[in-house]
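Letter by letter, the chains look like this.
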Amino acid sequence: MTSTPTAGARPDEVRRHNRTALLRRLHVAGPTTRASLATELGLNRSTIKALVDGLAESGVVEERLPRARSGAGRPSLLVLPQAHAAVVVAVDIRVEQVAIALVGLGGEMLGRNSWNLHGRASEPDEVITHVIESTQVLAAELGVRMVGAGVSVPGVVRRSDGFVHEAPNLQWTNVPLGDRLGGALSVPIRIANDAEIAALAEHLRGAARGSLDAVYVSADVGVGGGVISDGSALRGTAGYVGELGHMVVNPRGRPCYCGSRGCWETEVGELALCRALKLPEGTPRGAVVAELRSLTTPERITAVLGDFREFLTIGLVNIVNVFGPELVVLGDLFTALPPTLISAVGAEVSRRSLVSRAVGGTRVLTSAMGSDVKLIGAAELAFEPVLDMV
Amino acid sequence: MSEPILEITGLNKSFGPVHVLHDVDFTVRAGEVTALVGDNGAGKSTLVKCVAGIHPTDSGQVSFNGRPVTINGPRDAADLGIEVVYQDLALADNLDIVQNMFLGRERGSAWMLDEASMEKAARDTLASLSVRTVKSVRTPVSSLSGGQRQTVAIAKSVLWESKVVLLDEPTAALGVAQTRQVLDLVRRLAEQGLGVVLISHNMADVFEVADRIATLYLGRMVAQVPTRDVTHGQVVELITAGRSGDLGLARPESATV
């Protein structure tokens, strides 16, 4: 920002701002008519026309007559974002696998790839090389040029330059991921904690769309959470927040690598589920899901997941009491839990949490985005600075 | 831990005088990708066709979900929930995605097909697999790329609630980038809890997606091991020589003692 607080906004700045707002609206909510754009953005129809014409000329949007008409009069033109006008690469680094996707304007996934990490493949050098190579193959095949990159990492990341301090489950320490990936891909890059990214995805495109206060909690090998507070992501000093999995719920529980004992992660993470289901450590994700799906009777569910349910409830009650969200979205492995268990946990949270009672019952839902939530969120992170420029 | 979804023991198959499969044991677990590898002529495709009921077997037991079953034809296999995807894309070019997914099993009465419900089911299935690369479910298959066609063929097996999906070299006819997309889908299939068998010649692909590797050597199953316990080199030795260190066929000198 060059202007001082006392200076007024110049017309070209206003225009730029309106253009970005319009593009963001089209990017997040999809094709809309000119008329409804005017209503939603509170702008004059002629302003909208000028903006849309400018965008259409540079190939960022396309206008078409809507197929279904509503009401009388000349139909308003439908404005469609063009996916190829701006393409970003989204990277989701997890403990057991890495996924990448090329995502176009409007959120369409144009191409994707993923691979398992075992043994040496999870070392930073191998991951970075593989990400760069397969991104270049995909981009060449699709004939697109990337304008940005967003990366999700299961660890503590410095926001300003994407320096990974610690990703314990990956056994990474002090990896200058932002510099190395950004340099090789030669695009602006943004890197953030996976739970924060997933919360962003749910807030923009998923179950938490339209709610100003929401918490996203996911279980992978680790458990993490992202908080949307008053419409934007809650970040601690330098962006280090989201270790909800290391809140202690069972002081007499198992020791955790973080130095504490009985962390939430040790009671409701993937390993805890494997223990409850009597599966050996390191069972593939799909086998855990298959086993969870095979629990059909209420008696079996209680017998196998009784303790797990109690610890899930305790953690969620704490989270609801601290952050006071409208809803809590459960993601990743939690989505494979029996629906009856989720609703029972939701009811129990409403009963035990006084904040939940005060706001009229915090809803507990599962994510509908499946395992793609972090890819979608990473793409949105990459789009943040890009929308001003296209 | 529950039983394997599909377990084959002592399977034998001959074509005339040629004994193709010798006492083959093969296990498929729900939620895992099992790669089936072997040299040309090792019997990979024959094994898959026996499981799918296309070839009758000479001897051997098959148990599905812990129950012994007999598979006498493709219909039996389909009824159990075993679906096969071939490399030569068994789709009808002149029909769209919805029509292909429901081909031969259309919904609605004889006079009026329930297009709306079929379209919705097709869209939901693609969404459940997070397939976001296909624009419209009414696109004719002829205008899709090889990778997208293979995606439709695989999604078809999910739509019919299969328990086990056998993929016979699903990427053999595809380019590098499209191969990646199909393998990505294969893994997501397993993450939904299906048992997936992937035949492949490409070691890199196998190591990227498989949880377990089963190696056939001259019609014998020489090893079924978790991917994380073996190296590329060991698997190549198993494919070409049938043994690698302690893995694989017993050495003849130790067998005689």
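Residue positions are given per chain, counting from 1 as you read along its sequence in written order. Chains carry letters and ligands carry numbers; both start at the beginning, A for chains and 1 for ligands, and go up in the order they are written. Only residues with pLDDT of 70 or above have their local features reported here, since the model is predicted, and side-chain atom pairs are shown and tallied only from 80 upward, although totals for entire chains, interfaces and linings are computed over all residues. For side-chain calculations, the full set of non-hydrogen atoms in the structure is used, while hydrogens and water are omitted.

## What to know about the interface of chain B and chain A
Working rule for contacts: check all heavy atoms of both residues, and any pair within 4.5 Å makes them a contact. At the junction of the two partners, chain B supplies 28 residues and chain A supplies 32 residues. One speaks of a salt bridge when a side-chain nitrogen belonging to Lys or Arg is within 4 Å of a carboxyl oxygen belonging to Asp or Glu. Where chain B touches chain A, the interface holds 1 salt bridge. The residue Arg112(A) makes a salt bridge to Asp184(B) at a minimum N-O spacing of 2.6 Å. A 3.5 Å cut-off defines polar contacts: any pair of N or O atoms within that distance qualifies, except that in protein one atom must be a possible hydrogen donor and the other a possible acceptor, and neighbouring residues in sequence count only when both atoms are side-chain atoms. There are 11 residue pairs in polar contact (both at pLDDT 80 or more) connecting chain B and chain A. Polarity classes work like this: nonpolar for Ala, Val, Leu, Ile, Met, Phe, Trp, Tyr, Cys and Pro, charged for Asp, Glu, Lys and Arg, and polar for all others, with Gly in that last group. Looking at the side of chain B that touches chain A, its residues break down into 8 nonpolar, 9 polar and 11 charged.

## Side note on the pattern of salt bridges
Any two side chains of opposite charge can pair if their charged atoms end up close together. All names here are of chain A. Considering all chains together, one arrives at 33 salt bridges over all chains under this definition. Across the salt bridge formed by Glu348 and Arg351, the nearest N and O atoms sit 2.7 Å from each other. Residue Glu348 and its partner Arg351 are both found in helix 11 (residues 339-352); the two are separated by 3 residues, about one turn of the helix. The structure contains a network of salt bridges with shared partners spanning Asp92, Arg94, Asp194, Asp332 and Lys374. Numbered from the N terminus, helices here are DSSP runs of H or I no shorter than four residues, and strands are runs of E no shorter than two.

## Considerations on the sheet that holds strand 2 (residues 18-28) of chain B
Residue and element names in this part refer to chain B. Spatial ordering of the open sheet is given by 2-1-4-5, a layout of 4 strands whose pairing is antiparallel. Each edge of the open sheet carries a strand with a single partner, namely strand 2 and strand 5 (67-69). Across the sheet, the mean angle from the axis of one strand to that of its neighbour is 30°, orientation sign disregarded. A pair of strands is considered paired only if DSSP assigns at least 2 bridges between the two. Both strand 1 (residues 6-15) and strand 2 contribute to a ladder of 7 bridges, which runs antiparallel. Paired with Leu11 across the strands is Val24, a residue of strand 2. Angles run from 0 to 180 degrees between N-to-C directions of axes, and those axes are lines fitted to C-alpha atoms, restricted for helices to the stretch in contact.

## Comments concerning the domain arrangement of chain A
All names here are of chain A. The assigned domain composition of chain A is domain 1 (11-66 + 74-81), domain 2 (87-193 + 373-387) and domain 3 (207-368). As annotated, the domain borders come from an automatic or database domain assignment. Summarising the inter-unit geometry, the C-alpha centres of domain 2 and domain 3 are found 26 Å apart. Interface of domain 2 and domain 3: buried area, both sides summed, is about 1200 Å²; carbon and sulfur atoms make up 44% of it. Two parts placed together each lose some accessible area; with a 1.4 Å probe, that loss summed over both constitutes the buried area. Considering only the surface of domain 2 that becomes buried against domain 3, Glu96, Arg159 and Asn169 emerge as the three largest contributors, covering 34% of it. For the interface between domain 2 and domain 3, the tally reads 2 salt bridges. The shortest N-O distance in the salt bridge between Asp332 and Arg94 comes to 3.9 Å. Where the side of domain 2 that touches domain 3 is concerned, the elements lending two or more residues are strand 8 (156-158) and helix 13 (373-386). A per-element tally of the side of domain 2 that touches domain 3 places strand 8 first, with 3 residues. Here the side of domain 2 that touches domain 3 is built from residues that sort into 5 nonpolar, 4 polar and 5 charged.

## Points about the pairing of strand 7 (residues 164-168) of chain B
Residue and element names in this part refer to chain B. Here strand 7 lies mainly inside the structure; 5 of its 5 residues are buried. Each residue gets one of three labels from its accessible area relative to the maximum for its type: buried under 20%, exposed over 50%, partly exposed in between, using a 1.4 Å probe on protein chains only. What you see with strand 7 is no split at all: Val164, Leu166 and Asp168 on one side and Val165 and Leu167 on the other are buried throughout. Two strands pair when backbone bridges link them, and strand 6 (residues 82-85) and strand 7 are joined in this way by 4 bridges, in the parallel orientation. Note that in strand 7 the partner of Glu83 across the bridge is Val165. In this structure, strand 7 lies alongside strand 8 (residues 195-199), joined through 5 bridges in parallel fashion. Each residue of the ladder has a partner; that of Val164, found in strand 8, is Gly195. For the crossover that starts at strand 7, traverses helix 6 (residues 176-191) and ends in the parallel strand 8, the hand is right-handed. Viewed with both strands pointing away, a crossover whose connecting path from the first strand over the helix to the second turns clockwise is right-handed.

## Notes on the packing of helix 2 (residues 34-41) of chain A against helix 3 (residues 45-57) of chain A
All names here are of chain A. Between helix 2 and helix 3, the shortest axis-to-axis distance is 9 Å and the interhelical angle comes to 115°. Seen from above, helix 2 lies across helix 3 with right-handed handedness. On the side of helix 2, the interface is formed by Arg34, Leu37, Ala38 and Leu41, while helix 3 contributes Arg45, Ile48, Lys49, Val52 and Asp53. Of the residues contributing to the contact of helix 2 with helix 3, the split by class is 5 nonpolar, no polar and 4 charged. Helix crossings get a hand from a simple test, with the near helix turned counterclockwise from the far one by less than a right angle marking a left-handed crossing and a clockwise turn marking a right-handed one.

## Remarks on the confidence of the model for chain A
Per-chain confidence: chain A averages 85 in pLDDT, with 95% of residues scoring 70 or above. The secondary structure element of chain A with the lowest average pLDDT is strand 14 (residues 232-233) of chain A, at 81, and the one with the highest is strand 4 (residues 87-93) of chain A, at 93. Think of pLDDT as the predictor's per-residue confidence, scored from 0 to 100.

## Here we look at the environment of Ser200(B)
Residue and element names in this part refer to chain B. Along the polypeptide, Ser200 turns up in the loop between strand 8 and helix 7 (203-209). Relative accessible area serves as the criterion here: at 7%, Ser200 is assigned to the buried category. Polar contacts involving the side chain of Ser200 include one to the main-chain amide nitrogen of Asn202, which spans 3.1 Å.

## What about the environment of Thr297(A)?
As for its placement among the helices and strands, Thr297(A) is situated in the loop between helix 9 (285-293) and helix 10 (298-323). Counting along the chain gives 41 residues from Thr297(A) to Pro338(A), while the straight-line C-alpha distance between them is 9.8 Å.

## Considering the sheet that holds strand 6 of chain B
Residue and element names in this part refer to chain B. Strands sit in the order 6-7-8-3-9-10 across an open sheet of 6 strands; the sheet is mixed. Across the chains shown, the open sheet's two edge strands, defined by having one partner strand only, are strand 6 and strand 10 (220-226). Direction aside, neighbouring strands of the sheet carry axes that sit 20° apart on average. Across the sheet, helix 1 (residues 44-51) lies against strand 3 (33-38), strand 6, strand 7, strand 8, strand 9 (212-217) and strand 10, angled at about 135° from strand 3, the strand it touches most. Across the face of the sheet, helix 5 (residues 146-159) comes into contact with strand 6 and strand 7 while running at roughly 175° to strand 6.

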